[in-house]
Amino acid sequence: MSMTPLSSIQVTVEQFLKDFQRSYYSVLNSKSKWMTEAIRHLYDVSGKQLRPLFTGLIASQFAEQVSKAVVEAAVVLELVHTATLIHDDVIDDSRLRRGMPTLNAVYHNNVSVLMGDYVLTSAFQKAVFLGDMKVLGIIAEVGKKLTEGEICQYETADKRVVDEATYLDVIMNKTAVLFMACAEVGARSSGASEEEVERCRKIGELLGCAFQIRDDIFDYYGNNVGKPTGNDIREGKVTLPLLHALQVCTTEERNEMMALLESETILQTSIEKLILFAKRQGGIDYAECKMDAMLDEAKALIVQFADTPRRRALIDLADYVCKRDK
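None of these values were measured; they are calculated from a predicted model.

Undergrad: Before we move on, can you summarise the overall build of the protein chain with the specific residues and values?
TA: Of regular secondary structure, the protein chain possesses 16 helices and 2 strands. What you see for the protein chain is a C-alpha radius of gyration of 20 Å, in line with the 20 Å of a compact globule of 326 residues. Judged by the C-alpha coordinates and their principal axes, the protein chain covers about 60 × 50 × 35 Å. Counting all 326 residues of the protein chain, 52% fall into the buried class. Across the protein chain, every contact between residues at least 6 apart in sequence was considered, and the portion connecting residues at least 24 apart equals 77%. Of the roughly 14,900 Å² of accessible surface on the protein chain, 53% is carried by carbon and sulfur atoms. Separation between the mean location of the 38 positive side-chain charges and that of the 47 negative ones in the protein chain comes to 4 Å.

Undergrad: Just give me the short version of the pattern of salt bridges, but keep the residues and values in it.
TA: Evaluated as defined, the whole model comprises 16 salt bridges. As a salt-bridge pair, D19 and R22 come within 3.0 Å of each other at their nearest N and O atoms. Here R22 and D19 lie together in helix α2 (residues 14-27), a separation of 3 residues that amounts to about one turn. Note on D19: relative accessible area 25%, which makes it partly exposed. Put simply, E184, R188, E194 and R201 are held in one network by salt bridges that share partners.

Undergrad: Describe helix α14 (residues 268-280), and please don't skip the residues or the numbers.
TA: In this model α14 runs 18 Å from its N-terminal to its C-terminal C-alpha over 13 residues, within 8% of the 18 Å that 1.5 Å per residue would give. Those residues of α14 that sit buried are S270, I271, L274, I275, F277 and A278. For α14, the angular spread of the buried residues around the axis is 160°, confining them to a single face. The outward face of α14, more than 90 degrees from its buried face, is lined by the exposed residues T269, L276 and R280. Close packing links the buried residues of α14 with α11 (231-234), α12 (240-248), α13 (251-261) and α15 (283-302). A positive phi of about 80° marks G282, the residue just after α14.

Undergrad: A description of the confidence of the model for the protein chain should follow, citing residues and the corresponding values.
TA: On average, residues of the protein chain score 87 in pLDDT, and 91% of them reach the 70 mark or higher. Model confidence for the protein chain, summarised as mean pLDDT per element, is weakest for strand β1 (residues 96-97) at 62 and strongest for α15 at 98.

Undergrad: Describe in detail the side chain of K237, supporting the description with residues and values.
TA: Of note, K237 is situated in the loop between α11 and α12. Judged by relative accessible area, K237 falls into the buried class, the value being 7%. Side chain to side chain, K237 and E235 meet in a polar contact 2.7 Å long.

Undergrad: Requested: an account of the side chain of T239, with residues and values cited.
TA: Within the secondary structure layout, T239 lies in the loop between α11 and α12. Given a relative accessible area of 3%, T239 falls into the buried group. Residues in contact with T239, not counting those within four places in the same chain, are Y167, D216, Y220 and D232.

Undergrad: Please give an account of the packing of α12 against α13 that cites residues and values.
TA: Contact geometry of α12 with α13 gives a least axis separation of 9 Å together with a crossing angle of 145°. In this structure, α12 uses L242, L246 and Q247 to contact α13, whose residues at the interface are R254, M257, M258 and L261. The residue makeup of the contact of α12 with α13, split by class, is 5 nonpolar, 1 polar and 1 charged.

Undergrad: Before we move on, can you summarise the state of the cysteines with the specific residues and values?
TA: According to the stated counting rule, one finds 0 disulfides in the structure shown. Left unpaired, C152 is separated from the closest cysteine sulfur, that of C209, by 14 Å. In this structure C209 comes out as buried when scored by relative accessible area, which is 6%.

Undergrad: Describe the environment of Q65, naming the residues involved and giving the relevant values.
TA: Looking at where Q65 falls in the secondary structure, it is placed in the loop between α4 (50-60) and α5 (68-92). Owing to a relative accessible area of 65%, Q65 belongs among the exposed residues under this scheme. Along the chain, Q65 and V248 lie 183 residues apart, while their C-alpha atoms are 50 Å from each other.

Undergrad: Break down α15 for me, citing the residues and quoting the values.
TA: Here α15 spans 29 Å end to end across 20 residues, near enough to the 28 Å set by a 1.5 Å rise per residue. The set of residues buried in α15 consists of G283, I284, A287, M291, M294, L295, A298, L301 and I302. The buried residues of α15 occupy an angular sector of 120° when projected down its axis, which confines them to one face. In α15, the exposed residues that point more than 90 degrees away from the buried face are D285, C289 and D296. Against the buried residues of α15 lie α9 (164-188), α10 (194-218), α12, α14 and α16 (309-323).

Undergrad: Let's hear about the packing of α15 against α16: which residues, and what values?
TA: Contact geometry of α15 with α16 gives a least axis separation of 10 Å together with a crossing angle of 170°. As judged from the angle between their axes, α15 and α16 are roughly antiparallel. Residues M291, L295, K299 and I302 of α15 lie in contact with α16, whose contacting residues are R311, L314, I315, A318, D319 and C322. Among the residues making up the contact of α15 with α16, the classes are represented as 7 nonpolar, no polar and 3 charged.

Scoring rules and cut-offs
- Residues numbered from 1 in each chain as written.
- Predicted model: local features only at pLDDT ≥ 70, side-chain atom pairs only at ≥ 80, totals over all residues.
- Heavy atoms only, no water.
- Helix = DSSP H or I, 4+ residues; strand = E, 2+ residues; numbered from the N terminus.
- Rg over C-alpha atoms; globule rule 2.2 N^0.38 Å.
- Buried < 20%, exposed > 50% of the residue type's maximum accessible area, 1.4 Å probe, protein only.
- Contact = heavy atoms within 4.5 Å.
- Areas by Shrake-Rupley, 256 points an atom, 1.4 Å probe, with all protein chains shown as cover.
- Lys, Arg positive; Asp, Glu negative; His and termini not counted.
- Charge placed at Lys NZ, Arg CZ, Asp CG, Glu CD.
- Salt bridge = Lys/Arg side-chain N within 4 Å of Asp/Glu carboxyl O.
- Expected span 1.5 Å × (residues − 1).
- Arc of directions from axis to C-beta.
- pLDDT = per-residue confidence, 0-100.
- Polar contact = N/O pair within 3.5 Å; in protein donor to acceptor, adjacent residues only side chain to side chain.
- Axes fitted to C-alpha atoms, helices over the stretch in contact; angles between N-to-C directions.
- Nonpolar A, V, L, I, M, F, W, Y, C, P; charged D, E, K, R; others polar.
- Disulfide = S-S within 2.5 Å.
- Parallel < 35°, antiparallel > 145°, perpendicular 65-115°, else oblique.

Have a look at this one:
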């Protein structure tokens with residue numbers, strides 16, 4: 001079955017997305033020439049803005065016209081997301097994102113950190129202006145969890161922790177919490193009941209985790225996803241495909257592979273060996289099965305909404321999250 005193009009999904013909440021983009025870029029107006037150029041650069045590398053689209057589609061399950069409150073909350077969440085990407089690129093010393101130079105590649109790390117701070121403080125300033133303490137609390141919690149998730153990922157990489165429960169906990173805090181927040185503000189700001197809000201949060205959790213697993217699978221292939229193959233392994237991050245392979249292999253193989261991972265510097269030849277090992281042990285298939293199970297569970301919750309073009313678009317977005325090629 002072919003995947004619905006993202007543009008066809010976006011049309012369903014076209015006005016919401018226009019209002020979102022207008023508000024998003026108006027928040028980032030700056031007197032600084034560097035900042036103005038950086039904002040334009042961020043627009044080029046910001047990708048498909050899946051999270052705002054998800055927010056708008058969740059909100060549209062409860063109201064045909066997505067409210068201004070949802071638009072503004074979506075803007076704040078995307079600003080928080082953008083700030084974390086800028087800071088992550090500095091921390092990881094990433095030179096590319098989606099095949100284009102990162103801000104730190106263009107402006108160097110010190111300026112990029114300040115730009116990330118500017119975006120983050122702009123987010124919280126706008127959150128205060130919203131005047132909704134519930135939404136403000138959700139956004140503050142997201143900022144805390146995203147940071148905690150990144151710290152935990154580096155901590156587990158440093159300690160070479162290789163168990164699935166820890167991995168799932170990391171991707172929950174690193175990625176899924178933002179999808180959950182998008183779902184919650186979309187539903188809550190559109191008059192959903194508490195029970196419906198919780199269902200939407202669960203959809204966000206499942207799709208957020210599936211999104212991250214798909215991203216982690218990309219690390220094992222040389223396709224054009226904007227980062228070098230094996231980048232996670234190079235940083236000592238053991239994601240689901242390699243994690244599973246280490247659990248099912250022989251003790252001798254595990255010891256050999258762990259020795260490669262525990263080297264002070266992981267060589268390119270070691271990365272290639274670890275990637276081949278993960279594939280040979282069925283790690284990619286296992287990760288895809290996990291991701292597909294999450295997708296099926298999310299779709300089972302989505303079909304509880306009324307059967308409308310907006311529900312069909314949300315199902316198409318769920319499929320897109322798991323079937324995208326970058």
